[in-house]
Amino acid sequence: MQFIKKINHALPLNYQLIRFITFFILFVARAFMWVMPIFFAIIFIKPQFVFNYKETLRKLRIHHTALSQGPVKRYVETFFKARINQATHISGECTQCGNCCLNKQCVFLEPIEDDKFQCGVYNSPFRKLSNCGAFPISSEDVERYECPGYVFNQYPVIKIKNAN
Ligand code: SF4
């Protein structure tokens, strides 16, 4: 009982904190968007982000709008372990459809052959700091992006038998 009381006290605080941090990250990303092409060009060693500055900025605006629809909140929730990790119940493999890359709107996504996509910064160690390295970890992730590659295997339901 004591444990449940503790959780009930902790949840609203975490929820407010998660909302605040999510808002803060999106606010900072929006405020410094103009400098992002330069920043990305340096850390990902991809000067084209600067050479195509206007186009990068256009894609970044779309990227930011998509991020504000849940992915940043998911990232913060995952960081605070406020999200259930069901990864051991997920099987399958990626078909490179690009759905989970902000519904093909990620600024780093690059089209390849056969309507497939690849991450343009896949090999960068900085990518590990993003949401992308931890997908999918839940049935919600699979459903959210209508991922055709992975399947969430339902937990077996153990029913309580009536002893009478
Ligand atoms: S939605 Fe699934 S299959 Fe498509 S790119 Fe993402 S992980 Fe791969």
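Refer to the preceding data block for the structure.
Residues numbered from 1 in each chain as written. Predicted model: local features only at pLDDT ≥ 70, side-chain atom pairs only at ≥ 80, totals over all residues. Heavy atoms only, no water.

## Describing the site of the ligand
So, step 1. Near the ligand the following residues occur: Cys-94, Thr-95, Gln-96, Cys-97, Gly-98, Asn-99, Cys-100, Phe-135, Cys-147, Pro-148, Gly-149 and Tyr-150.
So, step 2. Here the residues of the shell around the ligand are counted per class, giving seven nonpolar, five polar and no charged. (Near = heavy atom within 4 Å. Nonpolar A, V, L, I, M, F, W, Y, C, P; charged D, E, K, R; others polar.)

## Observations concerning unusual backbone geometry
So, step 1. In this model, Phe-135 is joined to Pro-136 through a cis peptide bond whose omega is -10°.
So, step 2. Mapped onto the elements, Pro-136 comes out in the loop between strand S3 (117-119) and helix H6 (139-144).
So, step 3. Here the phi dihedral of Leu-102 falls at roughly 55°; this positive angle occurs in a residue that is not glycine.
So, step 4. For Leu-102, a relative accessible area of 10% gives the class buried.
So, step 5. Despite not being glycine, Lys-104 has its phi angle at roughly 70°, a positive value.
So, step 6. By secondary structure assignment, the location of Lys-104 is in the loop between strand S1 (90-92) and strand S2 (109-111).
So, step 7. For Lys-104, a relative accessible area of 40% corresponds to the partly exposed category. (Helix = DSSP H or I, 4+ residues; strand = E, 2+ residues; numbered from the N terminus. Buried < 20%, exposed > 50% of the residue type's maximum accessible area, 1.4 Å probe, protein only.)

## Topic: the side chain of Ser-124
So, step 1. For Ser-124, the position within the fold is in the loop between S3 and H6.
So, step 2. Given the relative accessible area of 11%, Ser-124 is considered buried.
So, step 3. A polar side-chain atom of Ser-124 sits 3.1 Å from the main-chain amide nitrogen of Phe-126. (Polar contact = N/O pair within 3.5 Å; in protein donor to acceptor, adjacent residues only side chain to side chain.)

## Notes on the packing of helix H2 (residues 36-43) against helix H4 (residues 53-67)
So, step 1. Between H2 and H4, the shortest axis-to-axis distance is 9 Å and the interhelical angle comes to 100°. When the axes of H2 and H4 are compared, the pair comes out roughly perpendicular. Contacts between H2 and H4 pair Met-36, Pro-37 and Phe-40 from the former with Tyr-53, Thr-56, Leu-57 and Leu-60 from the latter.
So, step 2. Counted by class, the contact of H2 with H4 contains six nonpolar, one polar and no charged residues. (Axes fitted to C-alpha atoms, helices over the stretch in contact; angles between N-to-C directions. Parallel < 35°, antiparallel > 145°, perpendicular 65-115°, else oblique. Contact = heavy atoms within 4.5 Å.)

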